[in-house]
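# Breakdown of the fold
Given next are the chains, with one letter for each unit.
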There are 4 protein chains.
Amino acid sequence: MGREYLKILCDHPFLRLEEVTGDSNVGRRVGEVVAEKHGDNLPDEVADLVVKPTNPKEVKCDLVFSPLPTEVAKDVESNFASFGHRVITDASPNRMNPTVPLIVPEINPDDLEMVKEQSFGDTKGWIAATPNCSAVGVAMVLAPLRDLGIRRVFVTTMQSVSGAGYPGVPSIDIIDNVIPYIRGEEEKIASECNKILGFTRSPVPFAVTATRVPVTYGHTAVIHAEFRDKVSVGEAVERLEEFRGLPQKLRLPSAPEKPIELCVEEQEPQPRHGRDAGKVPGMAVQVGRVRRGVDERSIQMVCVSNNLIRGGAGVAVLTAELAVFKGLV
Amino acid sequence: MGREYLKILCDHPFLRLEEVTGDSNVGRRVGEVVAEKHGDNLPDEVADLVVKPTNPKEVKCDLVFSPLPTEVAKDVESNFASFGHRVITDASPNRMNPTVPLIVPEINPDDLEMVKEQSFGDTKGWIAATPNCSAVGVAMVLAPLRDLGIRRVFVTTMQSVSGAGYPGVPSIDIIDNVIPYIRGEEEKIASECNKILGFTRSPVPFAVTATRVPVTYGHTAVIHAEFRDKVSVGEAVERLEEFRGLPQKLRLPSAPEKPIELCVEEQEPQPRHGRDAGKVPGMAVQVGRVRRGVDERSIQMVCVSNNLIRGGAGVAVLTAELAVFKGLV
Amino acid sequence: MGREYLKILCDHPFLRLEEVTGDSNVGRRVGEVVAEKHGDNLPDEVADLVVKPTNPKEVKCDLVFSPLPTEVAKDVESNFASFGHRVITDASPNRMNPTVPLIVPEINPDDLEMVKEQSFGDTKGWIAATPNCSAVGVAMVLAPLRDLGIRRVFVTTMQSVSGAGYPGVPSIDIIDNVIPYIRGEEEKIASECNKILGFTRSPVPFAVTATRVPVTYGHTAVIHAEFRDKVSVGEAVERLEEFRGLPQKLRLPSAPEKPIELCVEEQEPQPRHGRDAGKVPGMAVQVGRVRRGVDERSIQMVCVSNNLIRGGAGVAVLTAELAVFKGLV
Amino acid sequence: MGREYLKILCDHPFLRLEEVTGDSNVGRRVGEVVAEKHGDNLPDEVADLVVKPTNPKEVKCDLVFSPLPTEVAKDVESNFASFGHRVITDASPNRMNPTVPLIVPEINPDDLEMVKEQSFGDTKGWIAATPNCSAVGVAMVLAPLRDLGIRRVFVTTMQSVSGAGYPGVPSIDIIDNVIPYIRGEEEKIASECNKILGFTRSPVPFAVTATRVPVTYGHTAVIHAEFRDKVSVGEAVERLEEFRGLPQKLRLPSAPEKPIELCVEEQEPQPRHGRDAGKVPGMAVQVGRVRRGVDERSIQMVCVSNNLIRGGAGVAVLTAELAVFKGLV
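These numbers were taken from a predicted model, which means no experiment stands behind them.

## Side note on the overall build of chain A
- Helix and strand counts for chain A come out as 11 helices and 11 strands.
- Over its C-alpha atoms chain A spans a radius of gyration of 19 Å, differing by no more than 12% from the 20 Å that the globule rule assigns to 329 residues.
- The principal-axis extent of the C-alpha atoms belonging to chain A is close to 60 × 45 × 35 Å.
- For chain A, the residues scored as buried account for 61% of the 329 residues in total.
- The contacts of chain A with a sequence gap of at least 6 include a subset with a gap of at least 24, amounting to 77%.
- When the accessible surface of chain A is split by element, carbon and sulfur atoms take 48% of a total near 12,500 Å².
- Computing the positive centroid from 38 side-chain charges and the negative centroid from 45, chain A places the two 3 Å apart.

See below:
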């Protein structure tokens with residue numbers, strides 16, 4: 001995931017990558033560390049950065065991205081914030097903390113203001129979170145339908161192996177196979193979607209089954225949503241197609257023109273076809289198969305989202321752009 | 001699929017494979033045809049059979065299995081029945097014909113008697129059908145819960161590529177990918193499950209999404225069922241675990257001891273682990289992740305079934321065994 | 001493959017895509033045809049072209065690319081040339097025709113002049129060919145070593161499924177599998193490499209095994225080359241790294257800065273990492289594991305090349321750029 | 001791998017599994033440990049064994065199989081032998097030890113007598129090794145050609161992920177990919193084949209490239225062998241087909257009737273088709289594509305062998321059977 005941040009930030013119009021920290025490769029060139037695992041090349045200005053220790057006192061930059069492992073994220077992030085750093089995290093521990101905003105900039109941009117209420121001593125430090133890599137796709141395609149009164153949601157995900165980090169899923173477990181359970185994922189999708197969509201006071205019940213499939217990147221979700229009243233497929237389609245958010249109005253650099261791309265071919269969206277959708281590849285979510293659900297009050301659909309970009313580095317960078325716009329950085 | 005019949009029938013205690021017919025390989029040894037595509041070996045008594053043309057006048061045996069392609073199945077099967085042949089088909093065209101029984105021997109064995117009402121001239125010919133390769137797994141795990149009053153069912157399947165026949169799905173379409181639509185499959189799962197479970201008068205609404213995943217064989221289905229009243233997970237588990245049908249009572253040769261194997265590990269069932277379950281490998285269906293659904297009246301679970309055996313040649317042979325027991329052959 | 005041409009030609013600085021012909025989709029918009037199979041979007045100026053019939057009389061443009069199926073390529077290409085069209089083909093039938101140049105622009109650019117000797121009536125028509133998708137990678141990494149006196153070459157390829165066209169390899173044949181034979185491929189690699197490298201008078205013996213692996217695109221080749229005299233690994237590495245051809249000197253638009261990228265990590269090159277190497281993604285070939293072979297006169301190495309671009313549309317477009325430079329169009 | 005031993009030994013006619021030791025699961029039921037990772041069931045007599053610590057003093061049985069990780073194997077095995085245990089290991093550290101026989105029972109059964117020369121104090125303890133999972137397949141198909149005077153061998157392997165143990169290869173590294181290097185493997189194939197084939201005094205030069213492909217189990221090797229004199233393809237085929245060893249003569253329980261199965265179809269052997277060949281599935285090696293090599297003195301071919309059975313538990317059990325026959329246990 002760290003590598004995805006490097007690639008997005010390489011060319012950013014106003015965010016400049018100044019420092020990279022790490023645990024295991026301190027003192028080595030970033031380019032060397034990345035080449036070793038992925039065999040690819042970064043532009044010199046990024047490749048030549050040297051990995052520093054993850055220590056808030058030695059970090060000078062205005063904004064910190066935290067793609068840390070779950071086990072250490074909570075403490076490290078609080079520690080950084082206490083030293084006055086603004087932290088945008090895609091790690092899970094802080095997401096459901098009621099004082100931490102959980103942001104998808106197209107859906108709930110104003111929640112970001114919550115960081116003003118946080119207090120990390122008398123510093124300017126704050127923490128904002130971005131969602132679980134599967135939750136973000138589901139939330140994106142539910143957002144345009146929010147006003148129709150969502151009553152219940154059924155989700156089956158088919159998640160790619162890159163969602164499990166590195167080394168992640170052993171290949172002997174997943175080649176020619178499906179694993180019908182991913183620990184912790186089902187609860188996260190339910191609770192995070194409720195928080196992002198603003199249903200925290202009376203949460204919408206979700207029934208989620210999270211599965212792993214032999215796909216490198218790109219998560220697929222099959223979604224069935226029930227509404228308060230009758231809803232027409234045409235209206236759902238129109239709402240999905242016309243959905244735009246604040247990042248689109250502001251023309252933030254990482255914002256796709258259309259956050260949701262509607263597929264008309266019935267065999268789409270597919271992870272290999274849709275996972276790089278959008279101007280910044282991977283920032284648009286594809287939705288398709290929008291059709292009548294089990295009854296007149298339900299709609300079902302399938303969405304594909306890039307778990308590394310829209311569900312990771314990309315949504316964090318877009319949140320950073322929003323924070324800059326809002327004067328929070 | 002033809003090859004699966006050959007393998008099951010090789011060693012059968014009382015069904016003897018007498019004749020093999022085909023379109024494209026007439027006059028060739030069966031062993032040669034199979035070796036060419038699969039590189040494997042059959043026992044001599046089967047390998048030495050010579051492929052005959054698919055012509056009812058030249059076929060002499062008591063019972064005919066029809067794993068024919070959809071396009072030709074309906075006419076050929078009727079034609080065979082008109083010449084007095086008893087036909088058990090796993091092709092789709094005759095399945096929803098109201099005079100043709102659609103059989104899963106553990107669930108609705110007595111429906112097989114319907115063949116007595118069929119009339120193909122004054123011959124003894126009849127046609128009985130077995131279900132779609134995905135429908136059979138879903139029907140199997142719903143059957144034990146039938147008495148609880150099923151109200152609505154949500155299904156997402158993750159089907160293997162062998163379900164599409166040969167050549168089937170192009171590899172370039174499915175490696176590192178999921179295809180979220182299989183033409184015709186969703187309607188079949190809904191209508192066939194209703195017919196098998198005996199809900200034809202007031203069908204239960206199904207919302208089904210059928211997807212294709214990069215798995216060789218073994219279909220996975222994520223199922224969420226809603227019931228008339230509250231239902232406890234414990235009761236559902238018990239019913240699944242204790243489910244036995246007539247084939248088990250009769251100890252039919254292809255009947256697995258337990259038609260449904262309950263998995264207790266939360267990351268099971270998986271197609272690669274569960275697809276060969278049962279004494280006759282592939283005849284038992286695995287179910288796992290049995291748990292509370294979206295509310296107190298719902299249960300969700302995951303099942304894995306072998307699409308070539310339980311969803312193909314195996315269920316047809318088991319139906320043949322049942323037909324012999326019932327004196328229909 | 002047609003789609004790869006569309007994508008490369010979309011943005012070309014001086015080649016403009018004017019017409020698209022086809023057999024099966026005449027009269028439909030190109031954008032629609034592509035979207036149906038791949039779910040992706042082309043720029044409007046290409047998407048809005050309408051498929052014409054493949055008829056030389058109705059085609060007006062200066063240069064024709066032919067990614068035709070083998071069975072029809074030979075006749076159609078001759079027919080087009082007879083009507084005065086200049087044809088660059090990546091189909092196989094004309095490749096070993098002694099009057100047709102077989103071009104990899106970095107290796108044998110001057111062979112392209114051979115088209116002047118062709119006579120298609122009194123027209124300006126000619127045919128030039130580009131190599132088999134596996135041969136091109138092998139030829140590329142042998143070219144810099146040519147002067148060392150190549151005596152024998154051993155090649156094992158691990159080819160991706162997209163090399164077989166569409167629908168190509170059935171998924172049930174290749175998931176969790178390797179197919180150790182690709183019809184016709186071994187002979188082509190041997191004969192085409194000899195022709196490209198200019199060894200036609202005394203061909204170098206090749207022993208080739210061509211296999212298929214479950215990879216979407218990107219061909220891998222394991223190569224062991226024996227030389228006339230002792231050769232040091234250092235010299236081989238240096239020659240590979242410093243290799244440049246005429247397209248690099250001329251700065252042709254599709255020419256990668258380095259036609260061969262040398263990998264230093266011992267677990268590279270890998271198809272998923274290296275297949276999009278180069279400024280025009282897929283035009284650079286990666287080579288790695290350059291090391292001592294079975295004795296002091298041998299070198300072994302592994303190369304990865306993009307079978308759709310460097311081994312298909314890209315090498316054809318680069319050949320077209322060369323033809324324009326040479327005043328042949 | 002431990003699990004493969006359990007499955008083979010379950011039903012063995014004269015070897016009885018008495019004790020299972022381990023590091024991490026001491027005190028747990030074997031059945032439980034296996035079910036957790038693989039979801040499968042063992043017969044009760046094995047499933048009910050309780051994992052003991054790996055301590056030579058607490059182990060009582062006549063023969064010990066050691067599928068230990070490389071890091072610990074050497075010390076633990078010596079320690080066991082010093083306490084009088086007979087150890088058959090498929091771990092690598094002891095294989096090239098000149099006092100330890102490296103056995104493929106069909107090829108060099110008499111080397112097993114070497115254990116009599118070992119001295120572990122005054123105990124009856126000894127150590128015998130079985131080869132690397134790739135070396136065994138290569139050695140098997142070279143053995144029948146040994147008398148023709150092998151001069152040089154070129155090997156490219158395409159190894160399955162189960163060869164890397166558990167967790168082994170991360171799925172994100174191998175899906176839709178090939179990894180062209182496996183550390184240590186190339187040297188092992190060269191040196192072990194030489195030792196097994198008895199070429200230790202004047203070793204035959206091998207050039208080996210070991211690659212990893214997305215296959216669950218079953219290793220493929222492309223082999224090109226050069227001989228002292230001209231050799232006809234017919235003779236090579238005949239020698240491969242007629243190859244039998246001492247285990248076949250003795251009818252040892254794990255010995256396949258034909259240790260080498262010759263494939264005549266040109267697209268065979270394939271790992272998914274051939275990896276379970278033999279009466280004890282996985283004990284026969286398949287060879288195919290036997291044909292002329294680069295010149296009249298060379299032959300090339302492709303072999304597929306089961307890395308878990310013939311290249312692991314199976315060859316160890318067959319070695320144990322041989323040891324019993326030879327009175328060494």
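Here the narrative resumes, following the displayed structure.
## With respect to the interface of chain D and chain A
- Of the residues lining the interface, 14 residues belong to chain D; the matching set on chain A comes to 14 residues.
- Taken as a group, S171, I172 and I175 of chain D account for 41% of the area that chain D buries against chain A, more than any other trio of residues on that side.
- Linking chain D with chain A are 0 salt bridges, by the criterion used here.
- For the interface between chain D and chain A, the tally reads 4 residue pairs in polar contact (both at pLDDT 80 or more).
- Class assignment for the residues of the side of chain D that touches chain A results in 10 nonpolar, 3 polar and 1 charged.

## A few points about the relation of the copies chain D and chain A
- Superposing chain D onto chain A requires a rotation of 180 degrees together with a translation of 0.0 Å along the rotation axis, leaving an RMSD of 0.0 Å. One copy is carried onto the other by what is essentially a two-fold rotation axis. Among all C-alpha atoms of chain D, that of S171 of chain D lies closest to the rotation axis, at 1.9 Å.
- Taken as a fraction of all interface residues of chain D, those also at the interface in chain A reach 100%, which identifies the copy contact as same-surface.

## A word on helix 11 (residues 309–325) of chain B
Residue and element names in this part refer to chain B.
- In this model helix 11 runs just 21 Å from its N-terminal to its C-terminal C-alpha over 17 residues, more than 12% under the 24 Å that 1.5 Å per residue would give.
- Maximal helix bending in helix 11 amounts to about 45 degrees, located at V315.
- Summarising burial for helix 11: 15 of the 17 residues are buried, a large majority.
- Phi for G327, located one or two positions after helix 11, is positive at around 75 degrees.

## A look at the side chain of N307 of chain A
All names here are of chain A.
- Position of N307 relative to the elements: it lies in the loop between strand 11 (298–305) and helix 11 (309–325).
- By relative accessible area, N307 is classed as buried at 1%.
- For N307, the side chain forms a polar contact with the side chain of S162, separated by 2.9 Å.
- A polar contact of 2.7 Å, which involves the side chain of N307, links it to the backbone nitrogen of G218.

## Digging into a nonpolar patch on the surface
- Taken together, the side chains of F14, V324 and V329 of chain A make up a nonpolar region of the molecular surface, amounting to roughly 210 Å² of accessible area.
- Tracing the sequence through the fold places V329 of chain A in the segment after helix 11.

## Focus: the relation of the copies chain D and chain C
- Superposing chain D onto chain C requires a rotation of 180 degrees together with a translation of 0.0 Å along the rotation axis, leaving an RMSD of 0.0 Å.
- Of all interface residues in chain D, 98% are interface residues in chain C too; the two copies therefore contact each other through one and the same surface.

## Overview of unusual backbone geometry
- Cis geometry is adopted by the peptide bond preceding P269 of chain A, which originates at E268 of chain A and carries an omega value of 5 degrees.
- Tracing the backbone through its elements, the reader meets P269 of chain A in the loop between strand 9 (260–262) and helix 10 (271–274).
- Residue P167 of chain D is reached from Y166 of chain D by a cis peptide bond, and omega for that bond is 0 degrees.
- In this fold, P167 of chain D is placed in the loop between strand 6 (150–159) and helix 6 (171–174).
- Even without glycine at this site, D176 of chain C takes up a positive phi of about 60 degrees.
- Relative to the assigned elements, D176 of chain C resides in the loop between helix 6 (171–174) and helix 7 (185–196).

## Quick look at the sheet that holds strand 7 (residues 206–212) of chain A
All names here are of chain A.
- The mixed open sheet is built from 6 strands, whose spatial order is 7-6-8-11-10-9. Strands at the two margins of the open sheet, each flanked by one partner only, are strand 7 and strand 9. With strand direction ignored, the average angle separating the axes of adjacent strands in the sheet is 20 degrees.
- Here strand 6 (residues 150–159) pairs with strand 8 (residues 219–227) via 8 bridges, running antiparallel. Within strand 8, the position partnered with M158 by the bridge is T220.
- The strands that helix 8 (residues 233–242) touches are strand 9, strand 10 (285–292) and strand 11; relative to strand 10, the one it contacts most, it runs at about 170 degrees.

## Quick look at the state of the cysteines
All names here are of chain A.
- As enumerated under the stated definition, the model contains 0 disulfides over all chains in all.
- The structure places no disulfide on C133, whose sulfur is separated from the nearest cysteine sulfur, that of C193, by 12 Å.
- In this structure C133 comes out as buried when scored by relative accessible area, which is 11%.
- Its sulfur unpaired, C193 is 9.4 Å from the next cysteine sulfur, which belongs to C303.
- Residue classification places C193 among the buried positions, given a relative accessible area of 0%.

## Quick look at the pairing of strand 7 of chain A
- Within strand 7 of chain A, 7 of the 7 residues are buried, which leaves the element mostly enclosed by the surrounding structure.
- What you see with strand 7 of chain A is no split at all: F206, V208, A210 and R212 of chain A on one side and A207, T209 and T211 of chain A on the other are buried throughout.

## A word on the pattern of salt bridges
- Under the criterion given, the structure shown has 82 salt bridges over all chains.
- Salt-bridge contacts for D110 of chain A lead to K326 of chain A; the nearest nitrogen and oxygen are separated by 3.0 Å. Note that D110 of chain A is positioned in the loop between strand 4 (86–89) and strand 5 (126–129) and K326 of chain A in the segment after helix 11, a separation of 216 residues in sequence.
- The closest approach of N and O atoms between E186 of chain C and R291 of chain D, which form a salt bridge, is 3.6 Å. Residue E186 of chain C is found in helix 7, and its partner R291 of chain D is found in strand 10 (residues 285–292); the two belong to separate chains.
- Assessed through its relative accessible area of 9%, E186 of chain C is described here as buried.
- What you see here is one network of salt bridges that share partners, running through R152, E226 and D295 of chain A together with R152, E226 and D295 of chain B.

## Focus: the environment of P253 of chain D
All names here are of chain D.
- Checked against the element boundaries, P253 lands in the loop between helix 9 (246–250) and strand 9 (260–262).
- Spatially, the C-alpha atoms of P253 and L318 are 7.8 Å apart, while their sequence positions differ by 65 residues.
- Leave out the neighbours within four places in its chain, and P253 touches H12, P13, F14, K279, V280 and E321.

## So, the side chain of R291 of chain B
- A residue is classified by how much of its surface remains accessible, and R291 of chain B, at 16% relative accessible area, is buried.
- Once residues within four sequence positions are removed from consideration, R291 of chain B is found in contact with E186, V208 and T209 of chain A together with V233, S298, I299, Q300 and M301 of chain B.

## Comments concerning the sheet that holds strand 4 (residues 86–89) of chain C
Residues and elements named next belong to chain C.
- Spatially, 3-4-5 is the arrangement adopted by the 3 strands of the open sheet, whose pairing is parallel. Unpaired on one side and paired on the other, strand 3 (63–66) and strand 5 (126–129) mark the two borders of the sheet. Taken over all neighbouring pairs, the strand axes of this sheet differ in orientation by 20 degrees on average, direction set aside.
- As paired elements, strand 4 and strand 5 share 4 bridges and run parallel to each other. Of the residues in strand 5, the one forming a bridge with V87 is I127.

Conventions used here
Residues numbered from 1 in each chain as written. Chains lettered and ligands numbered in written order. Predicted model: local features only at pLDDT ≥ 70, side-chain atom pairs only at ≥ 80, totals over all residues. Heavy atoms only, no water. Helix = DSSP H or I, 4+ residues; strand = E, 2+ residues; numbered from the N terminus. Rg over C-alpha atoms; globule rule 2.2 N^0.38 Å. Buried < 20%, exposed > 50% of the residue type's maximum accessible area, 1.4 Å probe, protein only. Contact = heavy atoms within 4.5 Å. Areas by Shrake-Rupley, 256 points an atom, 1.4 Å probe, with all protein chains shown as cover. Lys, Arg positive; Asp, Glu negative; His and termini not counted. Charge placed at Lys NZ, Arg CZ, Asp CG, Glu CD. Buried area = accessible area lost by both parts, 1.4 Å probe. Salt bridge = Lys/Arg side-chain N within 4 Å of Asp/Glu carboxyl O. Polar contact = N/O pair within 3.5 Å; in protein donor to acceptor, adjacent residues only side chain to side chain. Nonpolar A, V, L, I, M, F, W, Y, C, P; charged D, E, K, R; others polar. Least-squares fit on C-alpha atoms with pLDDT ≥ 70 in both. Expected span 1.5 Å × (residues − 1). Bend = angle between axes of the 7 residues up to and from the residue. Patch = residues over 30% accessible without salt bridge, like charges linked within 9 Å, V, L, I, M, F, W, Y side chains within 5 Å. Pairing = 2+ DSSP bridges. Axes fitted to C-alpha atoms, helices over the stretch in contact; angles between N-to-C directions. Disulfide = S-S within 2.5 Å.

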